[in-house]
Amino acid sequence: MSTTIDGAALLNEVEAFHRRFNVFPTEAAYVAVTLWDAHAHLIDCFETTPRIAFLSPEPGSGKSRALEIVELLTPRPVATVSASANALYRLVDSAEGLPTVLFDEVDTIFGPKAGADEALRGFLNAGYRRIGGALRCVGEGSNQNAQVFNSYCAVAMAGLGSLPDTVLTRSVIVRMRKRAPNEKVEPYRQRVHEKQGHALRDRLAKWADTVRNRVAGAWPEMPEGVTDRPADVWEPLLAVADAVGGDWPERARTACLELISAAHDNDEASLGVRLLTDLRDRVFCGIDRMPTAAIIECLLRMDDAPWGDLDDKPINARSLARLLGQYVTPANKPIKPRGIRTPSGFPKGYYAEDLTDAWTRYCPPHPGESATSATSATPQVSGGESVADTATVIRHTHAETATPAALTG
């Protein structure tokens, strides 16, 4: 006689086990990590397996401890701080079953002083999808045969700083931080707590067997706005939450939205998107054209924006053109500054019509609020006004914050 396993209660226990030894930055992180532990037991049911990455700017933030607890709760864990791509391909292809690979100190592999390890990055990227793999020649001498090595497996990582963009976009990101004086955890002792963790792991495995068929055919409903790569990352975790029941489906979707938003806020690769969004919502605000000098002046007055310090220099005409040149106009040509005819001159600047396609494709939905407050602090330059004269007013009014680079058109 089989005993029904209460999945929601079991995941509550797994979450409580993490809380004994880990202080995660948000409730969403506890939800995501717990669901990730469970998904590793059901990895054969999914088309993708999200990586989970514990990252922090400084040592001593609990990353390695988080990885140790994940190791206790996941199937066939293999912990490493150094591995070749070829070794990992062979590990995944072994007859013992799919491993859960745990990379600690991943910054030594991908950090700025480590050099690019393209083969290892390829393993992590390809193994995110079930169809991923590597084609290698095997054999001796001239007796070589082509063989495809599978790379699909669950991977958890911990490290300082960040990761390559291609790895980040395939990952659930938990940004760890040092514990505050009032944040306490239970001291971890392997010889005591390993048995407790393994008992939970074994119960997770038994529960997974009871829901495997249901999870394999699941199409979890995504929160509104979650599409493309983020949807691929979160689909397995939401499928687990739905199979568990209780309050986990709701908690999972709340965590999904929160962690996706946080990842975008901290994604250096989205600098261009930040620029486009600031131009739409805080600079142009319905204006049809603006000179470069006026745009730069507006950007440099945003205290909460990065434009005053791009590679140790404020944004200028050249860096503005470089960032915008990555995107195209509705006519599919790179966005470039154009001359703006005015009664008093012909300065270079940008037209809103050239930016509309990029705004539509890359920027988050418009806040939908009145632009009055934003435009009150924005130089108003429309078709009938002299943009050259307006730019001159900006220079005189805000001379204390202007830089020579900002005033070149």
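As the structure is a prediction and not an experimental result, all values here were calculated from the model. (Residues numbered from 1 in each chain as written. Predicted model: local features only at pLDDT ≥ 70, side-chain atom pairs only at ≥ 80, totals over all residues. Heavy atoms only, no water.)

Tell me about the sheet that holds strand 3 (residues 100-103), residues and numbers included.
One open sheet holds the five strands; their spatial order is 2-3-6-1-7, and the pairing between them is parallel. Each end of this open sheet is capped by a strand with a single partner; those strands are strand 2 (77-80) and strand 7 (171-175). Across the sheet, the mean angle separating the axes of adjacent strands is 15 degrees when strand polarity is ignored. The sheet contact formed by strand 2 and strand 3 spans four bridges and is parallel. Paired with T80 across the strands is F103, a residue of strand 3. (Pairing = 2+ DSSP bridges. Helix = DSSP H or I, 4+ residues; strand = E, 2+ residues; numbered from the N terminus. Axes fitted to C-alpha atoms, helices over the stretch in contact; angles between N-to-C directions.)

Could you give an account of helix 6 (residues 118-126), with specific residues and numbers?
Looking only at helix 6, the buried set comprises L120, F123, L124 and N125. Against the buried residues of helix 6 lie strand 1 (51-56), helix 4 (85-92), strand 3, helix 5 (107-110), strand 6 (154-160) and helix 7 (165-168). (Buried < 20%, exposed > 50% of the residue type's maximum accessible area, 1.4 Å probe, protein only. Contact = heavy atoms within 4.5 Å.)

So, the pattern of salt bridges: which residues are in play, and what are the values?
Working definition: two side chains of opposite charge can pair if their charged atoms are close together. Within the structure shown, the criterion is met by 18 salt bridges. Across the pair R212 and D209 runs a salt bridge whose closest N-O atoms are separated by 2.8 Å. A residue pair is termed a helical-turn pair when its members lie 3 or 4 positions apart in one helix, as R212 and D209 do in helix 8 (residues 190-216) at three residues. The salt bridge involving D278 is made with R274; its shortest N-O contact spans 3.0 Å. Here D278 pairs with R274, and both are found in helix 11 (residues 271-284), just four residues apart, close to one helical turn. Take R274: its relative accessible area is 29%, and that puts it in the partly exposed class. One salt-bridge network, held together by shared partners, links E15, R19, E27 and R251. (Salt bridge = Lys/Arg side-chain N within 4 Å of Asp/Glu carboxyl O.)

Any details on the packing of aromatic side chains? Residues and values, ideally.
What the rule picks out here adds up to seven aromatic pairs. Seen from their ring centres, F17 and F21 are 5.2 Å apart, and the 75 degrees between their planes marks the pair as edge-to-face. Taken together, the residues F17 and F21, both in helix 1 (residues 7-21) and four residues apart, mark about one turn of the helix. Each ring, one from F21 and one from Y188, has its centre 5.5 Å from the other, and the planes form 85 degrees; the classification is edge-to-face. Of the two residues, F21 is situated in helix 1 and Y188 in the loop between strand 7 and helix 8; the sequence distance between them amounts to 167 residues. Summarising the burial analysis for this pair, F21 and Y188 share the class buried. By the ring-pair criterion, three or more aromatic residues cluster together here, those being F17, F21 and Y188. Here the basic side chain of R19 rests over the ring of Y30, its NZ or CZ set 3.9 Å away from the ring centre. Directly above the aromatic system of Y351 lies the positively charged group of R338, at a separation of 3.9 Å from the ring centroid. (Phe/Tyr/Trp six-rings, centres within 6.5 Å; stacked < 30°, edge-to-face > 60°. Lys NZ or Arg CZ within 6 Å of the ring centre and 35° of its normal.)

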